[in-house]
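Observations on the three-dimensional arrangement
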Amino acid sequence: MTEHRRVLIIGSGPAGLTAAIYTARADLAPLVIEGEISSTSDQPGGQLMLTTEVENFPGFPQGVMGPELMTAMRAQAERFGAAFLTAKASAVDLSERPFGIWTGDRSTEPPAFHADALIVATGARSLMLGLDGERRLLGHGVSTCATCDGFFFRDRKVIVVGGGDSALEEAMFLSKFASSVTVLHRRHELRASKIMQDRAFRNTKLSFRWNCVVEEVLGDDSLQAISVRDVLTGTSETLDTDGLFVAIGHVPNTDLFAGQLEMDAAGYVVTRSGTHTSVEGVFACGDVQDHVYRQAITAAGSGCSAAIDTERWLESVQHQAAAAAGAA
Ligand code: NAP
């Protein structure tokens, strides 16, 4: 049977949970489809569940662990009456209201939910290099999450690929465990912020390989080495390593909405006038619609905006319906 909800939120990172707190406190009894663990980089709570210390979320002068912050946000939403479903949304129908949301097979089942308003907060996921061995050895020496797997590399040699803040954050975290950490970057200039670069260059366990790309990830049952190519000279070399951490950015989780919501060239949901999407009654917040700031605090802020936009929109629809009924 299809359950009706006034507000349904897909995603449980800082954006989804903040939207849940605000809509719950507005008495809209939201349901959050929070996702489920399906890979090392995909789980309820979003990317902060894969992070160590968050130093820039206001209110935590000593920093806070990512999972601790997300657990607290979830508890806060629950306290005001938000409900959670640990499942993945498998399909949506945004062609008419109430919107249909499935968690099972759309071809054989009715929608699990009908929602008057939908808040999309599905975030973004880690990009991969796209090499055969990388997928095969994920969890066997290859990782996208230093927080999850760093512990396994105590006194081992690891390589981090990427030149952004994520790569340096992963590298610095890994330097607490590993005997050596090499950051391998395809250019000779880091993309990371100045403060992260300064910290990384001061870290004596970190070294840098510039102008290098990974050609092959080698190993049968577990990672043994990687083959890298110098992009300036064209020469290849094999580097023995115990761990390979891929930290080259993220891609928005928008497959579910393909062909139904307007997206930009990179696949991020386009929002206008705050968090309104191209479909009336559908709102988007957090990394799924933000490739500029991509911070926990900006995601949380846009989650708050989405909740307020949703509440106002529901109210206006209700007023219009009441006015139409009065006129009839
Ligand atoms: P990013 O800034 O897009 O950096 C991705 C890095 O990976 C770039 O250096 C890029 O190289 C490299 N790269 C991309 N594709 C590659 C490929 N196929 N092969 C090899 N290298 C590749 O992504 P991010 O580091 O995940 O950061 C995303 C956003 O989150 C940024 O705004 C960042 O500031 C923020 N962030 C902040 C913190 C923090 O403040 N603590 C932590 C993490 C992230 P090029 O430089 O050559 O393009």
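Residues numbered from 1 in each chain as written. Predicted model: local features only at pLDDT ≥ 70, side-chain atom pairs only at ≥ 80, totals over all residues. Heavy atoms only, no water.

For any pair of aromatic rings, the description rests on two quantities: the centre-to-centre distance and the angle between the ring planes. This model, assessed by the stated rule, comprises eight aromatic pairs. Relative to Phe208, the ring of Phe201 has its centre 5.1 Å away and its plane inclined at 55 degrees; by these criteria the two rings are tilted. For Phe201, a relative accessible area of 46% gives the class partly exposed. Overall, Phe208 belongs to the buried group, its relative accessible area being 19%. Seen from the ring of Phe84, Arg74 lies directly overhead, with NZ or CZ sitting 4.1 Å from the centre. Positioned over the ring face of Trp102 is Arg106, at 4.5 Å from the centre of the ring. (Phe/Tyr/Trp six-rings, centres within 6.5 Å; stacked < 30°, edge-to-face > 60°. Buried < 20%, exposed > 50% of the residue type's maximum accessible area, 1.4 Å probe, protein only. Lys NZ or Arg CZ within 6 Å of the ring centre and 35° of its normal.)

With that settled, consider the sheet that holds strand β15 (residues 225-230). One open sheet accounts for three strands, arranged β14-β15-β16; its pairing is antiparallel. Of all strands in the sheet, those bounded by a partner on one side alone are β14 (212-218) and β16 (236-240). Averaged over all pairs of adjacent strands, the angle between strand axes in this sheet comes to 30 degrees, irrespective of strand direction. The pairing of β15 with β16 spans five bridges and is antiparallel. Across the sheet, the residue bridging to Ile226 is Leu239, located in β16. (Pairing = 2+ DSSP bridges. Helix = DSSP H or I, 4+ residues; strand = E, 2+ residues; numbered from the N terminus. Axes fitted to C-alpha atoms, helices over the stretch in contact; angles between N-to-C directions.)

With that settled, the discussion passes to the site of the ligand. Taken together, 17 residues lie near the ligand, and Asp165, Ser166, Glu169, Arg187 and Arg191 sit nearest. Separating an oxygen atom of the ligand from a side-chain N or O atom of Arg186 is a distance of 3.0 Å. Side-chain polar atom of His250 to an oxygen atom of the ligand: 3.4 Å apart, as the coordinates give it. Coverage of the ligand by the protein chains reaches 76% of its 910 Å² of free accessible surface. Counting residues per element, the shell around the ligand draws most heavily on helix α5 (residues 165-174), which supplies three residues. Each residue belonging to the shell around the ligand can be placed in one class, and the counts come to two nonpolar, nine polar and six charged. A domain split of the shell around the ligand shows at least three residues from each of domain 1 (3-126 + 250-327) and domain 2 (132-246). (Near = heavy atom within 4 Å. Polar contact = N/O pair within 3.5 Å; in protein donor to acceptor, adjacent residues only side chain to side chain. Areas by Shrake-Rupley, 256 points an atom, 1.4 Å probe, with all protein chains shown as cover. Nonpolar A, V, L, I, M, F, W, Y, C, P; charged D, E, K, R; others polar. Domains from an automatic or database assignment.)

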